[in-house]
Number of protein chains: 4
Amino acid sequence: MPKLGMEPIRRAALVKATIDEIGAAGSLDVTVSQIAKRAGVSSALAHHYFGGKEQIFLAAMRHVLAVYAAEVRGALGMAQTPRARIEAIVKAGFGSSNFRREVVASWLNFYVLAQVSDEARRLLNVYQGRLHSNLVYNLRPLVGDRSDDVANHLGALIDGIYLREALGTQVPNGKKATRQVLAAFELELGTQA
Amino acid sequence: MPKLGMEPIRRAALVKATIDEIGAAGSLDVTVSQIAKRAGVSSALAHHYFGGKEQIFLAAMRHVLAVYAAEVRGALGMAQTPRARIEAIVKAGFGSSNFRREVVASWLNFYVLAQVSDEARRLLNVYQGRLHSNLVYNLRPLVGDRSDDVANHLGALIDGIYLREALGTQVPNGKKATRQVLAAFELELGTQA
Amino acid sequence: MPKLGMEPIRRAALVKATIDEIGAAGSLDVTVSQIAKRAGVSSALAHHYFGGKEQIFLAAMRHVLAVYAAEVRGALGMAQTPRARIEAIVKAGFGSSNFRREVVASWLNFYVLAQVSDEARRLLNVYQGRLHSNLVYNLRPLVGDRSDDVANHLGALIDGIYLREALGTQVPNGKKATRQVLAAFELELGTQA
Amino acid sequence: MPKLGMEPIRRAALVKATIDEIGAAGSLDVTVSQIAKRAGVSSALAHHYFGGKEQIFLAAMRHVLAVYAAEVRGALGMAQTPRARIEAIVKAGFGSSNFRREVVASWLNFYVLAQVSDEARRLLNVYQGRLHSNLVYNLRPLVGDRSDDVANHLGALIDGIYLREALGTQVPNGKKATRQVLAAFELELGTQA
DNA sequence: AATGAATGAGGATTCATTCAT
DNA sequence: GATGAATGAATCCTCATTCAT
């Protein structure tokens, strides 16, 4: 029983299904049919709405990045001091939702996609740029001129620790990850005195 | 006219071809035929020697990790002090050979593979463990008890910076990357005083 | 906001769009969606009006034949003598409108369709029969008993020359084509003397 | 049980199957799978040897044209005088083999293909050029300067009559077709006197 | 040791057609 | 009267893999 205005609903369902399917496979080796079936529609419809497989992936990537950005924004909103905001950004990155199978898989595969797809690389750089800006802005009152360098340090450290936690043999430990980054942060602050 | 003792030569050629092909594609979406053609043999031979596609990938992964390990070993051999050895390890990771298209592609794709393939994850953990040991061992004289934490800090930072350089919009800059990690190292040393 | 009496307008638009689309593709490999989009309606409507793809094609074929028949009729109306009427028929066949991309494509594809579709073959034979009758009728005063043979000669020659002009490497030249057929006509007349 | 040197055998079988399949369908709406099945191989093999559907069609077209050319050559070889050679060319064109379902279908569809595919148009023009040369050459001793015009007349007439016989309601009649063209030939000769 | 031959399984994509609104 | 929604069935093409030689 076809209704009107189904498009946004279907698109959302397909994006969700794509992320889940990538999570289940661990890679982008996912067929449009699998995605469509998980979303409860035909593969033809997926093509109808997105135009092709690559665009489905990009939509999924956009979604993951948007969710992450929203989490960071939410965390920032509650923090009052620069220092608290830095901590909020770090914590947000290591929230348990970011260690869910499908989110990890999405990130890793987006890294791969970014090598080849201009649009994917662009999206990734936008996200990294925003994170960097946030850090720089809040670091300025604390470390002044060094805020750019420190932001690079913390930003890269977040990525590196995320990678290790995500691919380690043990269950990812967000708390420990957060602690590690904040320790580096304290270190940088200590040099100010 | 088949020669004797061709096996190791063929295997090496196929591994090399696999890495190059992954580099050219940016992903593991490479066909055995492409690999075989690049190696100058038939695809049937590739199967004959490796048994299947996954095993070809694992052999390639082993090769990349081995080359990296050799570079580190080589760099360590020339360094006399713990501090020099730490620096050598960092520098080795950011040598220009590690930023070659195909090496970057290999690493990123091995991360992806590691989610799914037990053998791949094992290989990755072995490499990370060895790197960690090296760091811990050489950090001990410098930071004592904290050597494990510091090694985690530096190890993750190396990975994170590598990722950002590899996927940035600019040409990767190994010198800058090295400087960034060593700055963090100095920071950690500074706390000793 | 549907209007009343839209049906004939829609049908005409769809027939026109079909012919144009066949012209653009050069073949019957055109989708109902393409046709419908060109006509500015939904593909569902095209089905609604015509019942299916084949019927859309047949309607287009009928249209092309009807236009051609009308051109011939128009030309005949102005000619006063049998000889002038023969010339008019020939000229009408090689008018520039008949060498438009989409008209050529229509004819060639109708030949193909005529092998398979009974209705298409019937339409084609009706057209050929009418042309033949016209020729025979007007040839009678000029060549008497031989009018049937001469009509076959001229009719086939028209088709053959049309084919060659339409598919040649050069831009079709209706004047030259006309001259060639009329030369054959004169030849046939000459034998009377 | 794979043998060596199968390629030419498979190619020939696939070309034959293509022509037959086009004949059965009456159009180029034939799937690679149908063709392959008729040739007794997998569709994958068809792609392997030809690269794609269009190339299969072109190979089939080349074959049909080559067969026709061979028939003309054969007929020409036995004729001693220019006049006999003209007659041989005409007769060859209307031999019963050329009215076989699949040959007719091939020709009609190649006309269609020639509008779109450069290679197809080229092939068709080569064939027409060769026919024309043959006619011109043998007409020269008979009609002198007019040989080019007469060749055009006869060539186009052959095509036109072929078309009408092939698409008529009655069984094609090669004898009658031949007679018709030769009558036009006599007409042209008569003007010489 | 090495390969040409061959294929089954699948995968992205297209499309005519249907249907509820 | 008209359409957006939806799909089943195909179609081209690819590819890992097998096998006889």
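Just above sits the structure.
Keep in mind that this is a model prediction, so the values were computed, not measured.

What counts and what doesn't
Residues numbered from 1 in each chain as written. Chains lettered and ligands numbered in written order. Predicted model: local features only at pLDDT ≥ 70, side-chain atom pairs only at ≥ 80, totals over all residues. Heavy atoms only, no water. Helix = DSSP H or I, 4+ residues; strand = E, 2+ residues; numbered from the N terminus. Buried < 20%, exposed > 50% of the residue type's maximum accessible area, 1.4 Å probe, protein only. Contact = heavy atoms within 4.5 Å. Areas by Shrake-Rupley, 256 points an atom, 1.4 Å probe, with all protein chains shown as cover. Lys, Arg positive; Asp, Glu negative; His and termini not counted. Charge placed at Lys NZ, Arg CZ, Asp CG, Glu CD. Phe/Tyr/Trp six-rings, centres within 6.5 Å; stacked < 30°, edge-to-face > 60°. Salt bridge = Lys/Arg side-chain N within 4 Å of Asp/Glu carboxyl O. Polar contact = N/O pair within 3.5 Å; in protein donor to acceptor, adjacent residues only side chain to side chain. Buried area = accessible area lost by both parts, 1.4 Å probe. Nonpolar A, V, L, I, M, F, W, Y, C, P; charged D, E, K, R; others polar. Least-squares fit on C-alpha atoms with pLDDT ≥ 70 in both. Near = heavy atom within 4 Å.

Chemist: Could you give an account of the overall build of chain A, naming the residues involved and the relevant values?
Modeler: A tally of helices and strands in chain A yields nine helices and zero strands. Helices (α) and strands (β) of chain A occur, in sequence order from the N terminus, as α-α-α-α-α-α-α-α-α. Each principal axis of the C-alpha distribution contributes one length, and for chain A these read about 65 × 35 × 30 Å. Buried positions account for 51% of the 193 residues belonging to chain A. In chain A, 65% of the contacts between residues at least 6 apart in sequence involve partners at least 24 apart. Carbon and sulfur atoms provide 55% of the accessible area of chain A, an area that totals close to 9,200 Å². Within chain A, the 17 negative side-chain charges are centred at a point lying 6 Å from the centre of the 23 positive side-chain charges.

Chemist: Residues and numbers for the environment of A:Leu76, please.
Modeler: Tracing the backbone shows A:Leu76 in helix 4 (residues 53–78). Put simply, A:Leu76 and A:Asp149 are 73 residues apart on the chain and 21 Å apart in space, counted from C-alpha to C-alpha.

Chemist: Summarise the packing of aromatic side chains; cite the residues concerned and give the values.
Modeler: Across all of its chains, the model carries 24 aromatic pairs over all chains by this definition. Ring centres of C:Tyr68 and C:Trp107 lie 5.9 Å apart, and the angle between their planes is 85°; this geometry places the pair in the edge-to-face category. With a gap of 39 residues between them, C:Tyr68 in helix 4 (residues 53–78) and C:Trp107 in helix 6 (residues 101–116) connect regions that are remote in the sequence. Accessibility assignment for this pair places C:Tyr68 and C:Trp107 in one class, buried. When the centroid spacing of 6.2 Å and the interplanar angle of 5° are considered together, the rings of D:Phe94 and D:Phe99 count as stacked.

Chemist: Let's hear about the pattern of salt bridges: which residues, and what values?
Modeler: A complete count under the given rule lists 40 salt bridges over all chains for this structure. For C:Lys16, the salt bridge identified is with C:Asp20, shortest N-O distance 2.8 Å. Taken as a pair, C:Lys16 and C:Asp20 lie in helix 1 (residues 7–25) at a separation of four residues, close to a single helical turn. For D:Arg122, the salt bridge identified is with D:Glu119, shortest N-O distance 3.1 Å. On the criterion of helical spacing, the pair formed by D:Arg122 and D:Glu119 is a turn pair, its members being three residues apart in helix 7 (residues 118–143). What emerges from the salt-bridge pattern is a single network uniting A:Arg62, A:Glu119 and A:Arg122.

Chemist: Explain the side chain of A:Asp159 to me, using residue names and the numbers behind them.
Modeler: Relative to the assigned elements, A:Asp159 resides in helix 8 (residues 147–167). For A:Asp159, a relative accessible area of 5% puts it in the buried group. In this structure the side chain of A:Asp159 is engaged in a polar contact, spanning 2.9 Å, whose partner is the side chain of B:Arg164. Each residue touching A:Asp159, except ones within four places of it in the same chain, is listed here: A:Tyr111, A:Tyr127, A:Gln128, B:Gly160, B:Leu163 and B:Arg164.

Chemist: Lay out the interface of chain C and chain D in plain terms, naming residues and giving numbers.
Modeler: Of the residues lining the interface, 37 residues belong to chain C; the matching set on chain D comes to 37 residues. A buried area of about 2,900 Å², summed over both sides, lies between chain C and chain D, and 61% of it is on carbon and sulfur atoms. On the chain C side of the contact with chain D, C:Arg164, C:Leu167 and C:Leu187 bury the most area, a combined 24% of that side's loss. Here chain C is connected to chain D by two salt bridges. Among the salt bridges present, the one from C:Asp159 reaches D:Arg164, with a minimum N-O distance of 3.0 Å. The interface formed by chain C and chain D includes nine residue pairs in polar contact (both at pLDDT 80 or more). Broken down by secondary-structure element, the contributors of at least two residues to the side of chain C that touches chain D are helix 6, helix 7 (118–143), helix 8 (147–167) and helix 9 (174–190) of chain C. If you tally residues by element for the side of chain C that touches chain D, the top one is helix 8 of chain C, at twelve residues. Its residues assigned to classes, the side of chain C that touches chain D shows 18 nonpolar, 14 polar and five charged.

Chemist: Account for the relation of the copies chain C and chain D, with residues named and values stated.
Modeler: Mapping chain C onto chain D calls for a screw motion: a turn of 180° about the axis and a shift of 0.0 Å along it, with 0.1 Å RMSD after fitting. The superposition of one copy onto the other is thereby described by a two-fold rotation axis. Ranked by how close their C-alpha atoms come to the rotation axis, the residues of chain C are headed by C:Gly160, at 1.9 Å. Here 100% of the contact residues of chain C are again contact residues in chain D; the copies associate through an equivalent surface.

Chemist: I'd love a proper account of the interface of chain A and chain B, names of residues and values included.
Modeler: Taken residue by residue, the interface counts 37 residues in chain A and 37 residues in chain B. Overall, the association of chain A and chain B removes approximately 2,900 Å² of surface from exposure, summing both partners, and the carbon and sulfur fraction of that is 61%. Area buried by chain A at its contact with chain B is led by A:Arg164, A:Leu167 and A:Leu187, which between them contribute 24% of it. Linking chain A with chain B are two salt bridges. Connecting chain A to chain B are nine residue pairs in polar contact (both at pLDDT 80 or more). Contributing elements (two or more residues each) for the side of chain A that touches chain B: helix 6 (101–116), helix 7 (118–143), helix 8 and helix 9 (174–190) of chain A. The residue inventory of the side of chain A that touches chain B, partitioned by class, reads 18 nonpolar, 14 polar and five charged.

Chemist: Tell me about the arrangement of the chains, and please be specific about residues and values.
Modeler: The smallest C-alpha distance separating chain B from chain C is 33 Å, and no contact links them. Separated throughout, chain B and chain D approach each other most closely at a C-alpha pair spaced 13 Å apart.

Chemist: Please provide a residue-by-residue account of the protein's contact with DNA strand F, values included.
Modeler: Surveying the vicinity of DNA strand F reveals 40 residues, the closest of which are A:Arg10, B:His47, B:Lys53, C:Tyr49 and D:Lys53. Among atoms of DNA strand F positioned within 4 Å of the protein, sugar and phosphate together represent 71%. C:Arg10 has a polar side-chain atom sitting 3.1 Å from a phosphate oxygen of DNA strand F. The contact in question runs from a phosphate oxygen of DNA strand F to an N or O atom on the side chain of D:Lys53, over 2.6 Å. Contributing elements (two or more residues each) for the surface near DNA strand F: helix 1 (7–25) and helix 3 (43–50) of chain A, helix 2 (32–39) and helix 3 (43–50) of chain B, helix 3 (43–50) of chain C together with helix 3 (43–50) of chain D. The leading source of residues in the surface near DNA strand F is helix 3 of chain C, at four residues. Class assignment of the residues belonging to the surface near DNA strand F gives a composition of 20 nonpolar, 13 polar and seven charged.

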